[in-house]
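Single-letter residue listing:
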Amino acid sequence: MDLPLGCYSFWTFSDIFEECGLSSVPFHGGFGLLNIHGIPKPSYRAFQLLSKLDGERLEIGIEEASPTVDCIASRNEEGIVILISNHQVPLSPIQAESINLTIKGIKGVRTAIVERIDEMHANPKRVWEEMGKPIYLNEEQIQKLMEASELVKEPVNWVTTDDGILLDVTIQPHSVVAISLLT
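Bear in mind that the values here come from a model prediction, so they are computed numbers and not experimental data.

Glancing now at the pairing of strand 2 (residues 69-76). Pairing of strand 1 (residues 56-57) with strand 2 involves two bridges; the strand directions are antiparallel. Paired with E56 across the bridge in strand 2 is R75. Two elements, strand 2 and strand 3 (residues 79-86), share eight bridges in a ladder whose sense is antiparallel. Bridge pairing links S74 to V81 in strand 3. Here strand 2 hands over to strand 3 after two residues, the two strands then running antiparallel side by side.

Turning our attention to the pattern of salt bridges. When charged atoms on two side chains of opposite charge get close, those side chains can pair. All chains considered together, the criterion is met by four salt bridges. Here E150 makes a salt bridge to R45, at a shortest N to O gap of 3.4 Å. Placement of E150 in the loop between helix 3 (139-149) and strand 6 (154-155) and of R45 in helix 1 (residues 42-50) is noted, with a sequence separation of 105 residues between them. One salt bridge in this structure joins R126 and E130, with 2.8 Å as the shortest N-O distance. A residue pair is termed a helical-turn pair when its members lie 3 or 4 positions apart in one helix, as R126 and E130 do in helix 2 (residues 124-130) at four residues. You can call R126 buried: its relative accessible area is 16%. Classification of E130 by relative accessible area gives exposed; the value is 57%.

What counts as what
Residues numbered from 1 in each chain as written. Predicted model: local features only at pLDDT ≥ 70, side-chain atom pairs only at ≥ 80, totals over all residues. Heavy atoms only, no water. Pairing = 2+ DSSP bridges. Helix = DSSP H or I, 4+ residues; strand = E, 2+ residues; numbered from the N terminus. Salt bridge = Lys/Arg side-chain N within 4 Å of Asp/Glu carboxyl O. Buried < 20%, exposed > 50% of the residue type's maximum accessible area, 1.4 Å probe, protein only.

Here's what the structure looks like:
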């Protein structure tokens with residue numbers, strides 16, 4: 001049975017926000033999903049990953065739980081999407097986690113891809129900081145930051161077994177990983 005996986009919303013779509021005034025600084029800590037130049041922030045990309053969770057919600061069994069890692073998965077006619085987050089409240093211990101997945105009962109996987117949101121992926125603020133934190137951006141800088149905000153599809157290796165498939169992925173602190181198994 002197809003069940004809704006949840007409903008999500010956000011306070012404001014962009015950093016052009018009347019109550020706080022308009023800052024010309026591209027990444028000033030505003031509430032929006034997009035900055036003043038329309039550059040998607042990691043929170044925008046997180047909603048993009050959440051939107052992939054459609055169809056039937058899958059049951060997840062966890063052998064060795066981590067206090068910082070959460071997981072949800074769904075299946076539709078295209079395949080399976082597994083969304084994993086590694087997050088902790090500020091000033092609490094967190095580390096990179098190595099995740100070993102066993103997906104039982106699946107055969108005929110054509111490809112497996114991973115998309116990440118972390119310090120090095122889908123993070124335009126890091127690239128802006130590397131640019132020297134310019135307050136006023138030119139078109140070339142805006143384009144470079146747009147590209148830095150994109151989710152990148154990377155292949156993931158997996159092993160087929162009699163029960164299904166096995167794959168391993170490492171998830172950094174305060175990050176999200178989406179694994180898509182296309183059948």
